[in-house]
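# Breakdown of the fold
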Amino acid sequence: MEVIEEYMQRLHQSSLYPDKFICHGKQGNFVNVEDPTNGKRFKLLTFCTNDVLGLVQSEAVKSAAIDAIVQYGTSNSSCSVLSGRIDLHRQLEQEISDFKHLPYTHLFLNAWMAMQALVDSFCHLAINIPGFQNTRETLILTDVLNHGCILSAVVNAGNRSGKMFSHSPDVRVKPYRHCDVNDFARKLRRYAKPGNRIMVVSDAVFSMDADIAPLSEMLDVLANYPGSVIVMDEAHASGAIGATGGGIYEHFGITPQQVLDRGIIPLVMTTFSKFAASAGAAISSHRREMIDLLDVSPTSIGTISLPPPSTAAALESIRQLRQNPQLVKTLQANAHYLRSLLIEHNFDVIGETNVLPVILPQNLSPKVFARHLMEKHSVWVSAIWFIAKPRLRITANALHTQDEMEQLVEAMVKTRDTLYQPAAVATA
């Protein structure tokens, strides 16, 4: 414990520990927030919520969650393969399958558990079956900037829970440079052995840089490796990219069936905490066997099923999206307007989605910048300095008005003028 205490003291002293706030209520894009260190309250215009379509406060979504509690209670109190499966699970799975154009879907409590279950199941085939032996090694390729849930699962793919109960072959994990198709192809040529089971895992939209995986080019490379599997984590893609919010496949004008026709197997992970006003995740596949395999993975067997209100909220949110594609158009228009406005005022904005990472000058702390926005201008943005290259991470949503976006940029300009002291230019 002494080591932990010393570490945390140094972490706090270094200013790397994140600021944390307590929300007391929301109305539209305005939130009532408390700073727990001093009890001070703020009413803030927020640009740091992942509720990209503004459905968290939808009356239809809230009513669906309440109705589910009335019918089923607050929890299913069991895992789905025992007594914890309810009809809402089946409805949500079907809705996701229709949305993602893959006929079979399995639900999880969150993306971390979904990705662990997928890697465990794919690499180690879950339960050890008497008389069955798998002799094919697995090669996993992963983008170096993939989300932590992916990295956690693949980095430990050789010794996860499935491995403990079986005698499966080795798993090799190789990273490739961020969105670099040439390096991706090089790594496949270098490391793929005849007979390997190949899995490629990538974010569809990268949450910190807001760029989009080069799916079309990746598929061109994978066409040389028939039977390979490509997994797209659509956490920041669902509801945000594609003409109707369908995600990365719709964005590139590709269908999963076209991928299958090229001899490549597409798997999609959908999460509900961004576009679907809820919590939880799902893996979708073209084969029933993949879903059954996920069902018997240790992560599924040993975990409670998705609670009724969360299931109902996600289900109604997806239905609302599919019935109201204008939500996506509004979101994309807002993201375009805000990005243009920030660039017009000389902010360094990267990416291409509704997530707008702003890289500040090196001597300008995102933490200090965000705190000034909050205390002086009543605007809330996410300051990132402890898990990625320092930046402000702004998220546009479908509820933001033009006036609100202009208010944000005006506040950012004033804050920059107040805090930024450019280094003196050397003179001869």
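Residues numbered from 1 in each chain as written. Predicted model: local features only at pLDDT ≥ 70, side-chain atom pairs only at ≥ 80, totals over all residues. Heavy atoms only, no water.

### Comments concerning the overall build of the chain
- A count of helical and extended segments in the chain gives 16 helices and 15 strands.
- A compact globule built from 428 residues should have a C-alpha radius of gyration of about 22 Å, and the chain, at 23 Å, falls within 12% of that.
- Across its three principal directions, the C-alpha atoms of the chain cover 75 × 65 × 55 Å.
- Across the 428 residues that make up the chain, the buried fraction comes to 52%.
- Put simply, of all contacts in the chain between residues at least 6 apart along the chain, 72% involve residues at least 24 apart.
- In the structure as shown, the chain presents an accessible area of about 19700 Å², 53% of it carried by carbon and sulfur atoms. (Helix = DSSP H or I, 4+ residues; strand = E, 2+ residues; numbered from the N terminus. Rg over C-alpha atoms; globule rule 2.2 N^0.38 Å. Buried < 20%, exposed > 50% of the residue type's maximum accessible area, 1.4 Å probe, protein only. Contact = heavy atoms within 4.5 Å. Areas by Shrake-Rupley, 256 points an atom, 1.4 Å probe, with all protein chains shown as cover.)

### A short note on the sheet that holds strand S1 (residues 22–27)
- One open sheet accounts for 4 strands, arranged S1-S2-S3-S13; its pairing is mixed. What marks the edges here is a single partner per strand, and that holds for S1 and strand S13 (379–380).
- Of the pairings in the sheet, the one linking S1 to strand S2 (residues 30–35) comprises 5 bridges and is antiparallel in character. Looking at S2, one finds that Ile-22 is bridged to Glu-34. (Pairing = 2+ DSSP bridges.)

### Quick notes on the sheet that holds strand S6 (residues 171–176)
- Read across the sheet, 7 strands follow the order S4-S10-S9-S8-S7-S5-S6 without closing on themselves; strand pairing throughout is mixed. At either margin of the open sheet sits one strand with a lone partner, and together these are strand S4 (104–108) and S6. When strand polarity is set aside, the average angle formed by the axes of neighbouring strands in this sheet is 20°.
- Bridge analysis of strand S5 (residues 138–143) against S6 gives 6 bridges, and the strand direction is parallel. (Axes fitted to C-alpha atoms, helices over the stretch in contact; angles between N-to-C directions.)

### Side note on the nonpolar core
- Among the nonpolar cores identified, the biggest contains 32 residues, and Phe-184, Leu-188, Ile-230, Met-232, Ile-248 and Tyr-249 are the most heavily contacted of them.
- Those elements that provide at least two residues to this core are S5, helix H7 (181–191), strand S7 (197–203), helix H8 (215–222), strand S8 (229–233) and helix H9 (248–251).
- Those residues in contact with Met-232, other than ones at most four positions away along the chain, are Ser-202, Asp-203, Ala-204, Ala-213, Leu-215, Met-218, Ile-248, Tyr-249, Leu-267, Val-268 and Met-269. (Core = buried A, V, L, I, M, F, W, Y, C linked by side-chain atoms within 4.5 Å.)

### Points about the packing of aromatic side chains
- Tallied over the entire structure, the rule returns 3 aromatic pairs.
- A ring pair is formed by Phe-99 and Phe-275, whose centres lie 5.9 Å apart and whose planes are at 25°; its orientation type is stacked. In this pair, Phe-99 sits in helix H3 (residues 87–100) while Phe-275 sits in the loop between strand S9 (265–271) and strand S10 (281–285), placing the two residues 176 residues apart along the sequence.
- On the accessibility criterion, Phe-99 (7% relative accessible area) is buried.
- Sitting over the ring of Phe-30, Lys-43 keeps its end group 5.6 Å from the ring centre.
- Above the ring of Phe-347, the side-chain terminus of Arg-416 is found at 4.1 Å from the ring centroid. (Phe/Tyr/Trp six-rings, centres within 6.5 Å; stacked < 30°, edge-to-face > 60°. Lys NZ or Arg CZ within 6 Å of the ring centre and 35° of its normal.)

### With respect to the pattern of salt bridges
- All chains considered together, the criterion is met by 20 salt bridges.
- Arg-319 serves as the salt-bridge partner of Glu-95, at 3.4 Å between the closest nitrogen and oxygen. Linking Glu-95 in helix H3 with Arg-319 in helix H13 (residues 308–323), this pair joins segments that are 224 residues apart in sequence.
- Note that Asp-183 is salt-bridged to Lys-187, the shortest N-O span being 3.2 Å. (Salt bridge = Lys/Arg side-chain N within 4 Å of Asp/Glu carboxyl O.)

### Observations concerning H8
- Three or more residues of H8 are buried, namely Leu-215, Met-218, Leu-219, Val-221 and Leu-222. Summarising the axial view, the buried residues of H8 lie within an arc of 160°, below the 170-degree limit, and thus occupy one face.
- Elements that come into contact with the buried residues of H8 comprise S6, H7, S7, S8, H9 and helix H10 (256–261). (Arc of directions from axis to C-beta.)

### So, the state of the cysteines
- Using the criterion set out here, one finds 0 disulfides in the structure.
- For the unlinked cysteine Cys-179, the closest cysteine sulfur is that of Cys-149, found at 16 Å. (Disulfide = S-S within 2.5 Å.)

### Re the packing of helix H2 (residues 59–72) against H13
- Closest axis-to-axis distance for the H2/H13 pair is 8 Å, and the angle between their directions is 145°. As H2 runs across H13, the sense of the crossing is right-handed. Of the residues in H13, those touching H2 at Ala-60, Val-61, Ala-64, Ala-65, Ala-68, Ile-69 and Tyr-72 are Pro-308, Pro-309, Ala-312, Ala-313, Glu-316, Ser-317 and Gln-320.
- By residue class, the composition of the contact of H2 with H13 is 11 nonpolar, 2 polar and 1 charged. (Left-handed = near helix turned anticlockwise from the far one by under 90°. Nonpolar A, V, L, I, M, F, W, Y, C, P; charged D, E, K, R; others polar.)

### Focus: H7
- Taken together, the buried positions of H7 are occupied by Val-181, Asp-183, Phe-184, Ala-185, Lys-187, Leu-188 and Tyr-191.
- As for H7, its buried residues are in contact with S5, S6, S7 and H8.
- Sitting at the head of H7, Asp-180 places a side-chain oxygen 3.1 Å from the backbone nitrogen of Asn-182. (Polar contact = N/O pair within 3.5 Å; in protein donor to acceptor, adjacent residues only side chain to side chain.)

### Describing the side chain of Ser-207
- Position of Ser-207 relative to the elements: it lies in the loop between S7 and H8.
- Beyond its immediate chain neighbours, meaning those up to four positions away, Ser-207 contacts His-147, His-236, Val-355 and Arg-393.

### A closer look at the environment of Met-405
- Here Met-405 lies in helix H16 (residues 402–419).
- On the accessibility criterion, Met-405 (1% relative accessible area) is buried.

### Structural notes on the packing of H3 against H13
- At a closest axis distance of 9 Å, the pairing of H3 and H13 adopts a crossing angle of 30°. In this view, H3 runs roughly parallel relative to H13, as classed from their interaxial angle. Where H3 crosses over H13, the handedness of that crossing is left-handed. Contact residues: Leu-88, His-89, Gln-91, Leu-92, Glu-95, Ile-96, Asp-98 and Phe-99 in H3; Pro-308, Thr-311, Ala-312, Ala-314, Leu-315, Ile-318, Arg-319, Leu-321 and Arg-322 in H13.
- Among the residues making up the contact of H3 with H13, the classes are represented as 10 nonpolar, 3 polar and 4 charged. (Parallel < 35°, antiparallel > 145°, perpendicular 65-115°, else oblique.)

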